[in-house]
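Spelled out from the first residue to the last, the chains are:
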Amino acid sequence: MTNARFQYRFSDLNLNITQIESFMGYKDGESHETVTELLSGILAEAEEICDIRAEYHIWPVASFNDSEKSLSLDHHTFNIGRIIYGQMKRSGSVALFLCTAGREIGSKSRKEMREGDLLKGYLYDVVGSEIVEAAADLMQESLEASVAGEKRRITNRYSPGYCGWDVAEQHKLFRLIPYNFCGIRLTPSALMDPVKSVSGFIGIGEKVKRLPYTCSLCDMKDCIYRRGRR
Amino acid sequence: MNELLEKLSRCVELGKTDLLSPYPPDMKGQDGADELAKKALEEGIRPDEILEKSLIPAMEIVGDKFSRKQIYVPQMLMAAKAMNSAMKHLKPYFQSGEAKRKGKFIIGTVAGDLHDIGKNLVSMMIEGGGWEVIDLGVDVGSDKFLRTIEENPGAVVGLSALLTTTMENMRTTVTAIRERYPDAKVLVGGAPVTMEYCNKIGADFYSPDPQGAVNYLKQLAT
Ligand code: B12
């Protein structure tokens, strides 16, 4: 099993205000002064309040089950559902990943909300979400580069809880992560703590491919972020 | 309508909290919701009139615009902040019983779940709809909901969840409430929740956004 661990600085992520505003729904230049101002304050502070980590652990695929739409790694069978199975089925191995923005940004968000600054609290929350996604992008790029030498490619990232894959399957996923560098705790109800965390699979193989845009695969038709990049 | 109330309404809608709020630019240096609410009371306008004719209608416009995706979460929050700054002047009258709100609304994120942004948005819009909101926070078990209903007879209950796993705890809570308080109205919401699921677990109402809940409560109150 190969694995890799990453620790990022906020500046590595190249996040900018426009990106974050567009995540909230705003088109370029449409946002409010107040929002833009608060965001720039939060971004300036982000380096200090984030502990951005990511890791992946590569497991060979032991078997696929076409009728069940499942695959097995080690002794664990993952029922990943039709949509994700279609993307994963040519993989020779799978990278299990975790990624987190750390605990503090979530605490900041809750603190502001509790103290009555709803807007600032919400903006911390949104920035936290963007950080974890951007960090997962970087981790994924590293993985892609590391397998490219062997003429292998990777799929997109897929997470339990998306596209018909039960969120509770994270329990199995966490069992295959021997040393949890990200320090994420999975609660019995399959919630990751810190909240600003993601988990999932990336398929690896000579015949797999990465799609440019995956919203169209998702079954959450009325998602408020659908027209965005998610 | 009274000009002052109209102005107050506009301030809430646009998120002009007080004199110092820089936004919107063309209202810079003018009174905001805070000062105008105070003035309205000083002029002798009744607190419930301020709530009914000025604040609630403003928040209704905001909620509708959000449902139609004409504004996004930040503007809704700015409006709520302005609303709160006006409400601060009305609260003593509610406490003394001189003025009345529409009823009590108990809200919480169900057991096992720590998400609160969605719940906070709903709770603030319902407050803006003229209800007294009792926010129990996150990871709230059935017992705590039951106790709070006991202390606040007739209150409406709202449950929020963000994951399909924690959504199952909604069922547990709804069942517990039904057993003890068959007449209590229970609203459910959160990203994975659907109307179908709401019906399946025997809750009374589901809405994908806060305004749907506000409208439902409005019907209950009349
Ligand atoms: C941003 C986001 C993230 C961020 C931040 C998460 C966070 N909350 O902090 C990140 C990237 C970290 C993330 C991670 C994950 N996510 Co996510 N995420 C989202 C996304 C895109 C938006 C959530 C959000 O913040 N919305 C904004 C708030 C304001 O909306 P809201 O909470 O839904 O509340 C609104 C309504 O629901 C309603 N409402 C809420 N409560 C109530 C109550 C009542 C009574 C009423 C009437 C209405 C109501 O009103 C609110 C205002 O409109 C949603 C998809 C979506 N479009 O909703 C997925 C979503 C929530 N995520 C999902 C999943 C699965 C995950 C992960 C498990 C994936 C993974 N394996 O890594 C992790 C879990 C993280 C954890 N800690 O355990 C699923 C959950 C469903 C499920 N299958 O369980 C969703 C729904 C996506 C999907 N599959 O369709 N996620």
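1. Here's the deal with the interface of chain A and chain B
Right, so step 1: Opposite the 27 residues of chain A that make contact, chain B presents 25 residues.
Right, so step 2: Interface of chain A and chain B: buried area, both sides summed, is about 2,300 Å²; carbon and sulfur atoms make up 69% of it.
Right, so step 3: The largest contributions to the chain A side of the interface with chain B come from H32, L118 and L191 of chain A, which together make up 24% of the buried area.
Right, so step 4: Counting across the interface, chain A meets chain B through 0 salt bridges.
Right, so step 5: Counting across the chain A and chain B interface gives 5 residue pairs in polar contact (both at pLDDT 80 or more).
Right, so step 6: At the level of elements, helix 2 (33-49), helix 4 (104-114) and helix 5 (118-148) of chain A are the ones that each hand at least two residues to the side of chain A that touches chain B.
Right, so step 7: Counting residues per element, the side of chain A that touches chain B draws most heavily on helix 5 of chain A, at 5 residues.
Right, so step 8: When grouped by side-chain class, the residues that make up the side of chain A that touches chain B number 14 nonpolar, 6 polar and 7 charged.

2. Regarding the domain arrangement of chain B
All names here are of chain B.
Right, so step 1: According to the domain assignment, chain B contains domain 1 (1-99) and domain 2 (101-222).
Right, so step 2: One C-alpha centre belongs to domain 1, the other to domain 2, and the line joining them spans 25 Å.
Right, so step 3: Opposite the 21 residues of domain 1 that make contact, domain 2 presents 13 residues.
Right, so step 4: Summing both sides of the interface, domain 1 and domain 2 together bury roughly 1,300 Å²; the carbon and sulfur share of this comes to 66%.
Right, so step 5: Summed over the shared surface of domain 1 and domain 2, the result is 3 salt bridges.
Right, so step 6: For E52, the salt bridge goes to K102, with nearest N and O atoms at 3.4 Å.

3. Topic: helix 3 (residues 81-88) of chain A
Because an α-helix packs 3.6 residues into every turn, residues spaced three or four apart end up facing the same way.
Residues and elements named next belong to chain A.
Right, so step 1: Across the 8 residues that make up helix 3, a large majority, 6, are buried.
Right, so step 2: The set of residues buried in helix 3 consists of G81, I83, I84, Y85, Q87 and M88.
Right, so step 3: Contact partners of the buried residues in helix 3: strand 2 (52-65), strand 3 (70-73), strand 4 (76-79), strand 5 (93-100), strand 6 (153-158) and strand 9 (197-205).

4. A look at the sheet that holds strand 2 (residues 132-135) of chain B
Two pairing modes exist for strands in a sheet, parallel and antiparallel, and in both the strands are linked by backbone hydrogen bonds.
Right, so step 1: Read from one edge of the open sheet, 5 strands run 2-1-3-4-5 (chain B), paired in parallel fashion. Two strands in the sheet have a free side with no partner beyond their single neighbour: strand 2 and strand 5 (205-206) of chain B.

5. Considering the environment of V156 of chain B
Residues and elements named next belong to chain B.
Right, so step 1: Structurally, V156 can be placed in strand 3 (residues 156-160).
Right, so step 2: With a relative accessible area of 5%, V156 lands in the buried category.
Right, so step 3: Once the C-alpha coordinates of V156 and L187 are considered, the two residues, 31 residues apart in sequence, prove to be 7.9 Å apart.
Right, so step 4: Once residues within four sequence positions are removed from consideration, V156 is found in contact with K104, F105, I106, W131, K185, L187, L217 and L220.

6. Digging into the packing of helix 3 (residues 47-67) of chain B against helix 4 (residues 73-96) of chain B
Residue and element names in this part refer to chain B.
Right, so step 1: Taken N-terminus to C-terminus, the directions of helix 3 and helix 4 make an angle of 165 degrees; their axes are 11 Å apart at the nearest point. Here helix 4 runs roughly antiparallel to helix 3, going by the angle between their axes. You can see that helix 3 and helix 4 cross each other, and the crossing is left-handed. Facing helix 3, whose interface residues are P47, I50, L51, L55, M59, V62 and F66, helix 4 presents V73, M76, A79, A80, M83, A86, M87, L90, Y93 and F94.
Right, so step 2: Looking at side-chain class alone, the contact of helix 3 with helix 4 contains 17 nonpolar, no polar and no charged residues.

7. Points about the packing of aromatic side chains
Right, so step 1: Per the stated rule, a full pass over the model turns up 8 aromatic pairs over all chains.
Right, so step 2: When the centroid spacing of 4.9 Å and the interplanar angle of 70 degrees are considered together, the rings of F78 of chain A and F201 of chain A count as edge-to-face. Remark: F201 of chain A occurs in strand 9 and F78 of chain A occurs in strand 4; sequence separation between them is 123 residues.
Right, so step 3: Summarising the aromatic geometry, the rings of F205 of chain B and Y216 of chain B are spaced 4.3 Å apart at their centres and angled 10 degrees between planes, so their arrangement reads as stacked.

8. Re the packing of helix 1 (residues 3-14) of chain B against helix 4 of chain B
All names here are of chain B.
Right, so step 1: At a minimum axis distance of 6 Å, the contact between helix 1 and helix 4 shows a crossing angle of 140 degrees. With respect to helix 4, the axis of helix 1 lies oblique. Of the residues in helix 4, those in contact with L8, C11, V12 and E13 of helix 1 are A79, A82, M83 and A86.
Right, so step 2: For the contact of helix 1 with helix 4, the class distribution of residues is 7 nonpolar, no polar and 1 charged.

9. Concerning the side chain of S160 of chain B
Right, so step 1: Here S160 of chain B shows up in strand 3.
Right, so step 2: Apart from the residues within four sequence positions on either side, S160 of chain B is in contact with G108, T109, V110, K119, M170 and G189 of chain B.

Reading guide: rules and limits
Residues numbered from 1 in each chain as written. Chains lettered and ligands numbered in written order. Predicted model: local features only at pLDDT ≥ 70, side-chain atom pairs only at ≥ 80, totals over all residues. Heavy atoms only, no water. Contact = heavy atoms within 4.5 Å. Buried area = accessible area lost by both parts, 1.4 Å probe. Salt bridge = Lys/Arg side-chain N within 4 Å of Asp/Glu carboxyl O. Polar contact = N/O pair within 3.5 Å; in protein donor to acceptor, adjacent residues only side chain to side chain. Helix = DSSP H or I, 4+ residues; strand = E, 2+ residues; numbered from the N terminus. Nonpolar A, V, L, I, M, F, W, Y, C, P; charged D, E, K, R; others polar. Domains from an automatic or database assignment. Buried < 20%, exposed > 50% of the residue type's maximum accessible area, 1.4 Å probe, protein only. Pairing = 2+ DSSP bridges. Axes fitted to C-alpha atoms, helices over the stretch in contact; angles between N-to-C directions. Parallel < 35°, antiparallel > 145°, perpendicular 65-115°, else oblique. Left-handed = near helix turned anticlockwise from the far one by under 90°. Phe/Tyr/Trp six-rings, centres within 6.5 Å; stacked < 30°, edge-to-face > 60°.

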